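Given next are the chains, with one letter for each unit.
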Amino acid sequence: MTANSRSGLLQLVARLYEVRVPIRLRPVADDELASFVASTRDGYLFSLVNDAGMGEEEAHEKTERDFAMLVREGRPVAGQQLFVVEETETSEPVGRVWLGERFPGQPIAFLYDIEIDGRFRGRGLGREAMLLVEQEARRRGFVEIQLNVFGGNETARSLYRSLQYVEFAIGMRKRLA
């Protein structure tokens with residue numbers, strides 16, 4: 001392969017990665033519910049330990065408490081909506097979204113979870129999914145979306161800032177022992 005053909009191939013590959021794949025939010029089907037909730041719970045527990053610095057026992061207890069408010073008998077409570085982020089053309093799952101009420105009686109949505117699978121990251125799908133979440137929140141009558149970001153997740157914070165989300169509370173700590 002010559003240098004020119006190699007350069008041309010690299011340019012073609014780069015253009016292919018720039019192509020945005022159309023995505024949509026699809027409500028989680030009943031047969032996907034258990035694995036969706038388990039995966040989200042596991043991710044939350046992992047983040048509490050690895051990003052929030054909690055001990056495993058404390059993180060496990062918090063995870064159980066928090067999920068007990070959101071899930072009963074394996075199903076999300078009223079006001080919670082779970083979505084699969086999927087490619088529009090192929091229906092291939094590329095991520096997940098958990099959007100719901102956190103403040104009953106207030107028109108404020110809370111984004112409990114959004115994740116794009118690792119193999120699909122870096123293609124703008126997180127941004128596109130956030131825009132779809134905003135559309136869904138508006139459709140449901142919400143006038144605001146709130147979310148939490150674990151410390152150190154600069155990629156997510158940068159994405160949210162670029163979409164005009166503003167930080168309104170930041171927790172900090174220093175371990176002394």
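Everything below is about the structure shown above.
Just so you know, these numbers come straight off a predicted model, no measurement behind them.

A. How the structure looks around the sheet that holds strand E4 (residues 80-87). Ordered in space as E1-E4-E5-E6-E7, the five strands form an open sheet in which the pairing is mixed. The sheet terminates laterally at strand E1 (23-27) and strand E7 (144-147), the two strands that pair on one side only. With direction set aside, neighbouring strand axes in the sheet form an average angle of 30°. Bridge count for strand E5 (residues 93-101) against strand E6 (residues 108-116) is seven bridges, and the pairing is antiparallel. Paired with Leu99 across the bridge in E6 is Leu111.

B. How the structure looks around the pattern of salt bridges. Scanning the entire structure with this criterion turns up 15 salt bridges. Between Arg41 and Glu64 there is a salt bridge, with its nearest N and O atoms 3.5 Å apart. Of this pair, Arg41 sits in helix H2 (residues 30-50) while Glu64 is found in helix H3 (residues 56-70), placing the two residues 23 residues apart along the sequence. The class for Glu64 is partly exposed, based on a relative accessible area of 34%.

Rules behind the numbers
- Along every chain, residues carry numbers that run from 1 in the direction the sequence is written.
- Under the rules for a predicted model, residues below a pLDDT of 70 receive no local features and side-chain atom pairs below 80 are neither given nor counted, while totals for whole chains, interfaces and linings still include all residues.
- Working from all heavy atoms in the structure, the side-chain values ignore hydrogens and water.
- When DSSP finds two or more bridges between two strands, those strands count as paired.
- In this text, helices come from DSSP runs of H or I with a minimum length of four residues, and strands from runs of E with a minimum of two, each type numbered from the N-terminal end.
- Here, axes are lines fitted to C-alpha atoms. For helices the fit covers the stretch in contact, and angles between N-to-C directions go from 0 to 180 degrees.
- Whenever Lys or Arg places a side-chain nitrogen within 4 Å of a carboxyl oxygen from Asp or Glu, that contact is recorded as a salt bridge.
- Accessibility here uses a 1.4 Å probe with only protein chains present; expressed as a share of the type maximum, an area under 20% marks a residue as buried, one over 50% as exposed, and anything in between as partly exposed.

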